[in-house]
Amino acid sequence: MKRSVAWKALVGMLLLLPVPLAGFGCGGKDKTSTPGDGEAPTVVAFSLADSATGIGLVTPITVTFSGDMDEASVVTGAIVLEGRPAGGHVRYDALTRSATFTPDTLYLPETWQRLSVSGATDLDGNAVLPAQLRFRTGPLDCVHLADPHEPNEEIAAAAWLEAGGVYRSLTVCEQEIDTYAFTLADPADITAATTVRHAHADAAGYAGWQIHFMNANRQYYATLGTSAVPGEHTYHYSFLPGTYYLEIFSSYGVDPGEFVLYDLELRVGEPCEDDAYEDNDFPHEASLIAPGVHTGLRGCHVDADYYRVAVRAGETLALTVDATVPAGAWAHRRVELAVPGASTVTYSGSENPVAVQAIAARDGEAVVCVRFWVDGVAYSMEVQVTASP
Ligand SMILES: [Ca+2]
Ligand SMILES: [Ca+2]
Ligand SMILES: [Ca+2]
Ligand SMILES: [Ca+2]
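Residues numbered from 1 in each chain as written. Chains lettered and ligands numbered in written order. Predicted model: local features only at pLDDT ≥ 70, side-chain atom pairs only at ≥ 80, totals over all residues. Heavy atoms only, no water.

In the annotation of an unreviewed UniProt entry, the entry for the chain reads Ig-like domain-containing protein, and the organism field reads Eiseniibacteriota bacterium.

Quick look at the structure:
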């Protein structure tokens, strides 16, 4: 799909460095308070210049303090948008002594906004000297709807996320794609959950909403994630350590001038038990196996298991898959057998055991794929290669 890139040039505007603050009770000079000095901490910088204009409609604002703050006091209510007391999320980072305010929905377009800081305390309990920032938002268009992760239309430009992180007030404008990357040091089941906060009026149920996990080759682990219920757009997959990618977009496209506003959560859970042939999730990762009975195999949610088997022209490859799924779970499985020079044989259903076979037309390697849609599947696979009569 061709994606609009017209707004990209202005995205740099959103990546603003902290701007030193003058005239808001700082005495015009940065001061670092130290624990025990009894002095009130101050706001030494906002990430926007005071009276900045043309500001994006979901732009987070960072507030840097002069001293170490009590994290428990730097919360929603300590940084507020005038007229919308509970209108944002506040997160304090002790390392940088800064708090980030993320609006919970769009700032009103083309209006002056006032962000106020007050009530937060340092580690000695001294309240911060109140400070304010005024800024004016830009119009309701894709340039000003861009979230701080833009541009992230493809894997090469993916925005990095932390597993376990929550990312708020993200946007997909018109035909945009949002691509993210995350790295796992340990096996984990990752759930990508979005809460759609705004979609265009005629997108009832928002069934075109897509969430995909991909590898670096832009191969999809599955194309799931659609749901008719906003807030239930989830897709999970059990990963081994490595770097993975996620893309989010509306497969129906969004009308010109329209957008989706969403929150994204990357939940981390216990990994599904894997077998020794993993990773074998794509044809290029297929494990070479010999004829015989292979036991102790495991299947997970939308986990594809690829295997390769050497065959000669005229030989019949017969495959029997015997699987046990957890009680009450969906027993559906898909078994594909592609032998050299012949059409792929596919079984899709819940019969058990399931047997497929095919005759090779030339020498080479057959490719077998076995797939389940639930975690906790244990299976065995018998591979027989015989000369055809
Ligand atoms: Ca976006
Ligand atoms: Ca994007
Ligand atoms: Ca497996
Ligand atoms: Ca697999």
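Still more to cover.
Summarising burial for strand S11 (residues 166-173): 6 of the 8 residues are buried, a large majority. Strand direction decides the pairing type here: S11 and strand S18 (residues 259-269), joined by 6 bridges, are antiparallel. Within S18, the position partnered with Cys173 by the bridge is Phe259. (Buried < 20%, exposed > 50% of the residue type's maximum accessible area, 1.4 Å probe, protein only. Helix = DSSP H or I, 4+ residues; strand = E, 2+ residues; numbered from the N terminus. Pairing = 2+ DSSP bridges.)

Attention shifts here to the coordination of the calcium ion (ligand 2). A metal bound by six donors in octahedral fashion has ideal angles of 90 or 180 degrees, whereas one bound by four tetrahedral donors has an ideal angle of 109.5 degrees. The coordination sphere of the calcium ion (ligand 2) contains the protein donors Glu150 (OE), Glu150 (OE), Asn152 (OD1), Glu153 (OE), Glu176 (OE), Ile177 (O) and Asp178 (OD), at a distance range of 2.2 to 2.6 Å. Look at where the donors of the calcium ion (ligand 2) fall in the sequence and you get E-x1-N-E-x22-E-I-D. The distance between the calcium ion (ligand 2) and the calcium ion (ligand 1) comes to 3.7 Å, with Glu150 serving as a donor to both metals. Here Glu150 and Asn152 have matching classes, each one buried. (Donors = N, O, S within 2.8 Å, 3.2 Å for Na, K, Ca; no water.)

This part takes up the sheet that holds strand S20 (residues 292-299). Backbone hydrogen bonds are what pair the strands of a sheet, in a parallel or an antiparallel way. Read across the open sheet, the 4 strands follow the order S20-S27-S22-S25; overall the sheet is antiparallel. Two strands close off the open sheet at either side, each with one partner strand: S20 and strand S25 (354-359). Taking the axes of each pair of neighbouring strands and ignoring which way they run, one obtains an average angle of 20 degrees across the sheet. Summarising the sheet, strand S22 (residues 315-324) and strand S27 (residues 377-387) pair through 10 bridges and their orientation is antiparallel. Across the sheet, Ala318 pairs through a bridge with Gln384, a residue of S27. (Axes fitted to C-alpha atoms, helices over the stretch in contact; angles between N-to-C directions.)

On to unusual backbone geometry, then. Pro151 follows Glu150 through a cis peptide bond whose omega is -5 degrees. Tracing the sequence through the fold places Pro151 in the loop between helix H2 (142-145) and strand S10 (159-160). Looking along the chain, the bond that leaves Glu278 and enters Asp279 is cis, with omega of -5 degrees. With respect to the helices, strands and loops of the structure, Asp279 is situated in the loop between S18 and strand S19 (287-288). Phi angles above zero are rare outside glycine, and Glu110 is one such case at about 50 degrees. Since its relative accessible area comes to 47%, Glu110 is described here as partly exposed.

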